[in-house]
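A closer look at the structure
Chain by chain, the residues:
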Amino acid sequence: LDVAAAMTMDMQAPRQEVSAIDLERALVARAAAGDGAAFRRLFDRHAPGVWRFLRDLLRDTAAADEGTQETFVRAHARLDTLRTGDKLAPWLFGIARNVSWEQLRARKRYVGVDDERDEDRPSPEPTPETLLLMREADQQLGAALASLGEERRAALLLRLDHGLGYEEIAGVMGWTLPKVKNEIHRARLALRSQLGEYLGDAA
Amino acid sequence: MTTCDWEALEALALGELDPERAHEVQAHAASCASCGKELAALAAERALFAGRAAAESPPVAALWPAVAARVVAPLTLVRRRRGALAAAVAVAAATVLFMWRTTTITSRTPTATSAPTTATAAPKEPVREVEQALDKAELSYRQAIAALEKEYASERSHADAATTRRHEARLRGLRRMLDEARAAAGDDVEARLQVLDAYSAYMRSVQTAVFKEEVPR
């Protein structure tokens, strides 16, 4: 996208003619040029999704808060590396994924179990406080997700919760396309076996 | 769609197909028992995730100030640093002006040598001292302008073409005025003060070009 066009786009073009993608590209171009207000708008659009992704990976709201902030600070510093045509959301999830990895590694070091390979071990149960706030179906879904390994859960959430395509997920996870499909398929089977009643026992 | 295509069913359930293709896939699922069942499962899955997302409102507004402090504040800092540079230059120019006025007055006033401010004796070569101050001020301006021009060169690519043209035209005009003023000034102190004014105007314009947009809080 021509930067000059991007800078003036959402002021000149009639609102309904500016597609969400074009608007986003314009905002990215302006934010990369140092426009703090444009960056704030990108934050408002994407921070909720990034926060939920991190909360689901880290199973901890305070860690999700911190991770979301770190993700956007890093994103801001690297905005000019975003290529024309790249979608912002998958790129942000990729950064968030790295942030969550770092947090999990640090947590492991802190607990002192860094000699164990526990990437694929299920996460701890959600706290009673969190459970109280969730509807029953959400609780069951949360529990089913928590029973998945961290990476498989991340891939499934990117597809079903955040609407990324398989190729985009491959980019975020650093996996091959067949691996993405395989992991999501397995995650789905696990979910269906646990959530049969909520899925109309269709599985 | 006449054959079973699982990925098409999934895309349909996630609302990713265009209306025409969606219609085709739906028609197949309606006539194929296993695809119909799978589509129902995929739709239920989608509803479950959507319901969970809708039930939440992540507390992200509260997270913005800390992000802003780390990304927007540094920009403001750069701005302030540039402001400080300009202020230093202004002080240098004011010093020249002050010395020039003082020297003019003292040299024109017969009682100047007994003035209390010159208790340690009047400067032996007041004009030379003014010239040194003028040189110093000019140097400060040149350094400030070089720093700003470097900044401008690196930011120019981000600006839109019309704005860049406007800035360039203005800068060219001021640069020409500055060069003419310098060429005409020679050793004349008044003329050299005008050169400083030209430097100042040019510097302010480069500054405007660099900080074309206000950094919001």
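For clarity, every value in this text was computed on a predicted model and none was experimentally measured.

Within chain A, the secondary structure is distributed over 10 helices and 0 strands. Considering chain A as a whole, with its 203 residues, one finds that 49% of them fall into the buried category. Pairs at least 24 apart in sequence give 59% of the contacts found in chain A among residues at least 6 apart. For chain A, the computed accessible surface area is about 9900 Å², with 50% contributed by carbon and sulfur atoms.

We now examine the packing of aromatic side chains. Counting across every chain of the model gives 5 aromatic pairs over all chains. Where A:F39 meets B:W64, the ring centres are 6.1 Å apart and the plane angle is 45°; that geometry is what we call tilted. Of this pair, A:F39 sits in helix α3 (residues 36-58) while B:W64 sits in helix α4 (residues 64-108), placing the two residues on different chains. Where A:F43 meets A:F72, the ring centres are 4.9 Å apart and the plane angle is 70°; that geometry is what we call edge-to-face. On the criterion of sequence distance, the pair formed by A:F43 in helix α3 and A:F72 in helix α4 (residues 61-78) is long-range, its members being 29 residues apart. Since its relative accessible area comes to 2%, A:F72 is described here as buried. Note that A:R97 overlies the ring of A:W101, its terminal NZ or CZ placed 4.1 Å from the centroid.

This paragraph deals with the packing of helix α10 (residues 177-194) of chain A against helix α3 (residues 33-54) of chain B. Packing of α10(A) against α3(B) brings their axes to within 12 Å, and their N-to-C directions diverge by 85°. Between α10(A) and α3(B), the angle falls in the class roughly perpendicular. For the pair α10(A) and α3(B), contact is made by A:R188, A:L191 and A:R192 and by B:E38, B:A41, B:L42, B:E45 and B:F49, respectively. Of the residues that constitute the contact of α10(A) with α3(B), the class distribution is 4 nonpolar, no polar and 4 charged.

What follows deals with the interface of chain B and chain A. Size of an interface, as often reported, equals the accessible area lost when the parts are brought together. At the interface, 34 residues of chain B touch 46 residues of chain A. Together, the buried faces of chain B and chain A total about 3900 Å²; carbon and sulfur atoms form 63% of this surface. When the area that chain B buries against chain A is broken down by residue, the three leading residues are B:F49, B:R52 and B:W64, summing to 19%. At the junction of chain B and chain A, the tally comes to 11 salt bridges. Of the charged contacts, one joins B:R52 and A:D56 as a salt bridge, the two residues approaching to 2.4 Å between their closest N and O atoms. Our count for the contact surface shared by chain B and chain A stands at 12 residue pairs in polar contact (both at pLDDT 80 or more). When residues of the side of chain B that touches chain A are traced back to their parent elements, those giving at least two are α1 (6-13), α3 and α4 of chain B. Here the element with the most residues in the side of chain B that touches chain A is α3(B); it accounts for 11 residues.

This paragraph deals with the confidence of the model for chain B. Residue and element names in this part refer to chain B. Of the residues in chain B, 68% have a pLDDT of 70 or more, and the chain-wide mean is 75. Taking the mean pLDDT of every element in chain B, the minimum, 65, falls on α4 and the maximum, 94, on α1. Low pLDDT, under 50, characterises residues 108-123; the predicted model gives this stretch 4 contacts beyond four residues in sequence or across chains. If you check the scores for this complex, the pTM reads 0.59 and the ipTM reads 0.77.

All names here are of chain B. Closest axis-to-axis distance for the α1/α3 pair is 9 Å, and the angle between their directions is 40°. Viewed along their axes, α1 and α3 adopt a mutual orientation that is oblique. As α1 runs across α3, the sense of the crossing is right-handed. The residues of α3 that touch α1, namely those facing W6, L9, E10, L12 and A13, are C35, E38, L39, L42, A43 and R46.

Each turn of an α-helix holds 3.6 residues, which means side chains three or four residues apart point in the same direction. Helix length check: α3(B) (22 residues) gives 31 Å between terminal C-alpha atoms against 32 Å at 1.5 Å per residue, within 8%. Considered for burial, the residues of α3(B) that qualify are B:C35, B:E38, B:L39, B:A41, B:L42, B:A44, B:E45, B:L48, B:F49, B:G51 and B:R52. Looking at the packing, one finds that the buried side of α3(B) touches α3, α7 (136-146), α8 (150-160) and α10 of chain A together with α1 and α2 (19-31) of chain B.

Attention now goes to the pattern of salt bridges. Scanning all chains against the criterion turns up 29 salt bridges over all chains. One salt bridge in this structure joins A:R74 and A:E102, with 2.6 Å as the shortest N-O distance. With A:R74 in helix α4 and A:E102 in helix α5 (residues 88-111), this pair connects stretches of sequence that are 28 residues apart. We classify A:R74 as buried; its relative accessible area is 18%. The exposure class of A:E102 is partly exposed, given its relative accessible area of 35%. Between A:R192 and B:E45 there is a salt bridge, with the nearest N and O atoms lying 3.1 Å from each other. One end of the pair, A:R192, is in helix α10; the other, B:E45, is in helix α3, on a second chain. Residue A:R192 shares its accessibility class with B:E45, and that shared class is buried.

Attention shifts here to unusual backbone geometry. Positive phi values are uncommon outside glycine, yet A:R59 reaches one of about 55°. For A:R59, the location among the structural elements is in the loop between α3 and α4.

Analysis parameters
Residues numbered from 1 in each chain as written. Chains lettered and ligands numbered in written order. Predicted model: local features only at pLDDT ≥ 70, side-chain atom pairs only at ≥ 80, totals over all residues. Heavy atoms only, no water. Helix = DSSP H or I, 4+ residues; strand = E, 2+ residues; numbered from the N terminus. Buried < 20%, exposed > 50% of the residue type's maximum accessible area, 1.4 Å probe, protein only. Contact = heavy atoms within 4.5 Å. Areas by Shrake-Rupley, 256 points an atom, 1.4 Å probe, with all protein chains shown as cover. Phe/Tyr/Trp six-rings, centres within 6.5 Å; stacked < 30°, edge-to-face > 60°. Lys NZ or Arg CZ within 6 Å of the ring centre and 35° of its normal. Axes fitted to C-alpha atoms, helices over the stretch in contact; angles between N-to-C directions. Parallel < 35°, antiparallel > 145°, perpendicular 65-115°, else oblique. Nonpolar A, V, L, I, M, F, W, Y, C, P; charged D, E, K, R; others polar. Buried area = accessible area lost by both parts, 1.4 Å probe. Salt bridge = Lys/Arg side-chain N within 4 Å of Asp/Glu carboxyl O. Polar contact = N/O pair within 3.5 Å; in protein donor to acceptor, adjacent residues only side chain to side chain. pLDDT = per-residue confidence, 0-100. Left-handed = near helix turned anticlockwise from the far one by under 90°. Expected span 1.5 Å × (residues − 1).

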